[in-house]
Amino acid sequence: MMSFVVFLVLVSVAATTAQNCVCNTMKWATCDGSPCECKITLADQVKQTLECTKLIPKCFLMKAEMYRAKKGLSTRSGGKPTDHAFVDNDGIYDPDCEASGVFKAKQCNNSDTCWCVNSAGVRRTDKGGQDLKCEKLVETVWVQAQLKHKDGVNLDQAQLKSAMAKAIAERYSVDAKLVTDVTYDKDSRTILVDLKKGTSNVDIATVGYYMEKDVSIPVWRPCTFGQTLYSPCLGIHTYVT
């Protein structure tokens, strides 16, 4: 009887461990083992180990999303990747990433045509051949998100910045001070959110990318500031520059 009870306890512990072995920042990750290890598929036979206590680097997200789109699987936007979601100023592409998850300075999209990008993966030079030299990855230090809400919603402009900063900090586990400015144009129903890296070590481009995907799903619906910035009362979309 004692051995049977011990067996049940061990089974219960194993089940609890398995339930807790998840990646909260990437729903496509597969996780198992003790200690828990999570990986995501970036290409055929290529799996990347993730650090799930942080946001997953934008380059890994883009590469995983492109892989899933090619395989006909769901993407973070709920379907095929949108043209504005990750661009080289000409269209979506399959990026090359460093082992750390940052973009390689030169991108070629599996072709003979290459270009240099910044740390957000956005093209910053004219295109060239495979011999194109990209000396270093230029860091993105400022991201601006533009959000637009539907008609018939009244926002309290006085509370908007603090509410937006709090929501971004809580959802993406970053310092609220990254949100340096929030402006609201009532006539056009447009909210501009400025995020600046400052002296932090946060990958501001990844935060912006998570925001963009959250809105396009959507998750962001900021209107009931007395409750939560994610209250379901506002249809809203965004683009990040």
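Residues numbered from 1 in each chain as written. Predicted model: local features only at pLDDT ≥ 70, side-chain atom pairs only at ≥ 80, totals over all residues. Heavy atoms only, no water.

1. Description of the pattern of salt bridges
Think of it this way: side chains of opposite charge can pair up when their charged atoms draw near. Under the convention used in this document: Here, a salt bridge means any Lys or Arg side-chain nitrogen found within 4 Å of an Asp or Glu carboxyl oxygen. For each residue, the accessible area found with a 1.4 Å probe, counting protein chains only, is set against the maximum for its type, and the residue is called buried under 20%, exposed over 50%, and partly exposed in between. Working definition: helices are DSSP H or I runs of at least four residues, strands are E runs of at least two. Numbering for both runs from the N terminus.
Under the defined criterion, the tally for this structure stands at 6 salt bridges. With its nearest N and O atoms 3.9 Å apart, the salt bridge here joins Lys-39 to Glu-37. Residue Glu-37 is classed as partly exposed on the basis of its relative accessible area of 40%. Residues Asp-94 and Lys-70 are paired through a salt bridge, measuring 3.3 Å at the closest nitrogen-oxygen approach. Within this pair, whereas Asp-94 is found in the loop between helix H2 (58-70) and strand S4 (106-107), its partner Lys-70 is found in helix H2, the two being separated by 24 residues in sequence. Salt bridges sharing common partners tie together Lys-63, Lys-70 and Asp-94.

2. Comments concerning the sheet that holds strand S3 (residues 46-49)
Applied cut-off: Paired strands are those between which DSSP finds at least two bridges. Only C-alpha atoms enter the line fits that serve as axes; for helices the fit covers just the stretch in contact. Angles between N-to-C directions range over 0 to 180 degrees. Throughout, a residue-residue contact means that at least one pair of heavy atoms, one from each residue, lies within 4.5 Å.
Strand order in the open sheet formed by 3 strands is S1-S2-S3, and the pairing between neighbours is antiparallel. At either margin of the open sheet sits one strand with a lone partner, and together these are strand S1 (30-32) and S3. Adjacent strand axes in the sheet meet at a mean angle of 35° when their direction is disregarded. The sheet contact formed by strand S2 (residues 37-43) and S3 spans 4 bridges and is antiparallel. Note on S3: the bridge partner recorded for Thr-41 is Lys-47. Across the sheet, H2 lies against S2 and S3, angled at about 60° from S2, the strand it touches most.

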